[in-house]
Each structure stands twice: as C-alpha cells, then as structure tokens.
Amino acid sequence: MYVGMSALFFVTFSTRSEAACTITEGSTAKVFSARVPATGAVTLSATVAGVDPILLVQVWIGLHRATDMVTSLTYGGMSLTRILEEQDMNNANHGSLETWYMAAPPAGTANVICTIGDTTNGPAELLAATCYDGVLQSSPIGGSQQFADPNEVIAHRQNLTTTSTNSMIASLCVDNCGAGANDAINPGANQTQIWTNNSTVTGNTGEGDNYPAPAIGTYTLSYTLAVAHSADIQSVEILSICDPTKTFTITPTNTPTPTATNSPTPTATNSPTSTATN
C-alpha cells in the first residue's frame, strides 16, 4: 500500500468580550502658555500606557495669522499626524485649532513638543494630550468634523457621524470670551469633560471631552457657555480595536496527513498441472 500526503488547514478565530472592545481614556495633561516663546515651542509632559494606545493632542493658538499653525508636533522626538486644522477668521481676536494623534506611542512618560511658525507675535497657546487605550492601531481615526461658529449665543452644537461601532468621540471646544473673561463651558449630558482651562489673560476658555458612541450614527456634541459668545469646535472619532469594518487575512498552516491510496496486490490463480498416465 502506498501512502500519499495531503494538506490540512487549521484556522483559529478569537473573539473579544464587549468590555474588551471599550475604549478607555487614561492619563490627560495640559499646559497653557500666555505667550509662546521666541523658539515657537511649547512643551508638555505626557504619559502613555495600555495595550493598544494612541496619543491624541489638541492645540489652540491665540491668533490666526498664516504663521499661527503647528509646524512640528512630537512625542519623545517622534512626529504625530495632523487630523484637523482650523483658523477662525470671524474676528481679529479669534485663534486657530488643531488636532493630532500618534498610534502605538511608546509606553512611559515623555515630552510633547508643539512648535508653531509664529515666532515674533508671541500668541497664547493651550496644549492638551490624552492617552486612549483599546484603539485600532492600523487606522485609529474614523470620522472628523470642525466648526467655527460665529454666532454670539450660549448654546453651540456640532454633529459627527461615526463610521464604526464601539467608538469614542473626542472633542475640543474653545469659548471666545474676550480679554478679562473667565467663562466656563458645560458639555452635553452624554459628554464627559476630561480637562478644562480658563484664562483671564486671553479671555478664552478651552475644554476637552469624551462621548462614547456604541453604534454607527450621527451624534450631537453640545456646549453651553456661561455667557453668549462665539465658539470653535473640533471632534474626531477614535476607532475601537474591535472595529468590525476592518478585515483580516487568514494565513493557512500546512500540516501533512497521510492519505491512503489503493495499490494493486498480486492475486494467486490456479494453473493446471500435468498428471502422468501409464
């Protein structure tokens, strides 16, 4: 009997619990500089931890000239990626907003260094860094939206349509109060404020908040100001490690197994024999 070989493919699937699909917000740090130094750089110490983290950095610059933009943003000497950039041209005293991220940042504590092009006018700058865990590393950002609302009103809103399930919406809102003011910003009922900064130096209040988005859909980010002013908002969708819209590749493993084959075997046949006669 001849024994041949064929391939048997084994594929293993793993699933995560619903809790494991939840994006969590870890450490948050912020710094306010009343006047950016001549180097154009503002430094913030940030801490990263977790299994599947990203670092999200939100920036407000107190002016909106052509040079009032981030030219370099690094964590531990490594560059981040810009998601949004917005300059509010509705008033000479309004500023610029930007949102950046880094996937798989090294764990530990390192400096976030934000450098802008304006090295002569010394605008104010607000810099905030937040670590999120449980994030899809290959493409962590889904939908995004920004809005410079010129209306001098108490309530400001922005809609964001998500692209996947189990997401987290991270937002930055700035209240254009005017010099000497110090007005609080109160986010909507489903939003959790994770940092805030009130400055009487520039009169601008900034805050960051999270809004869990378990299902694909349109979510309304809302903000109530203490006094009617204009406001600027940026929002981004952070995608969960369990994002079902992402596909994966199965790599088969060959395991040889014996396969029996039929081989002919000899079969005895009767042959006549001669018998002597007298």
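Residues numbered from 1 in each chain as written. Predicted model: local features only at pLDDT ≥ 70, side-chain atom pairs only at ≥ 80, totals over all residues. Heavy atoms only, no water.

K.L.:
Would you mind showing me how to read the state of the cysteines here?
P.N.:
The term disulfide refers to a covalent linkage connecting the sulfur atoms of a pair of cysteines. Taken as a whole, this structure holds one disulfide when the rule is applied. The side chain of C21 participates in a disulfide bridge whose partner is C242; the two sulfur atoms lie 2.2 Å from each other. In this structure, the disulfide formed by C21 and C242 twists by about -85° around the S-S bond and is classed as left-handed. With C21 in the loop between β1 (2–9) and β2 (24–33) and C242 in the loop between β16 (218–238) and β17 (254–261), this pair connects stretches of sequence that are 221 residues apart. Exposure class is identical for C21 and C242. Each is buried. (Disulfide = S-S within 2.5 Å. Helix = DSSP H or I, 4+ residues; strand = E, 2+ residues; numbered from the N terminus. Buried < 20%, exposed > 50% of the residue type's maximum accessible area, 1.4 Å probe, protein only.)

K.L.:
Is there a simple way to explain the sheet that holds strand β6 (residues 78–79) in this structure?
P.N.:
Here four strands make up an open sheet; going across it, the order is β3-β9-β5-β6 and the pairing antiparallel. Among the strands making up the open sheet, the edge pair consists of β3 (41–48) and β6. In this structure, strand β5 (residues 70–75) lies alongside β6, joined through two bridges in antiparallel fashion. In the strand pairing of β6, Y75 is matched with M78. (Pairing = 2+ DSSP bridges.)

K.L.:
Can you help me understand the pattern of salt bridges in this one?
P.N.:
When charged atoms on two side chains of opposite charge get close, those side chains can pair. For the structure shown, the criterion picks out one salt bridge. Note that E98 is salt-bridged to R82, the shortest N-O span being 3.0 Å. Of this pair, E98 sits in strand β8 (residues 96–103) while R82 sits in strand β7 (residues 81–87), placing them 16 residues apart in sequence. When its relative accessible area of 1% is taken as the criterion, E98 is described as buried. Assessed through its relative accessible area of 33%, R82 is described here as partly exposed. (Salt bridge = Lys/Arg side-chain N within 4 Å of Asp/Glu carboxyl O.)

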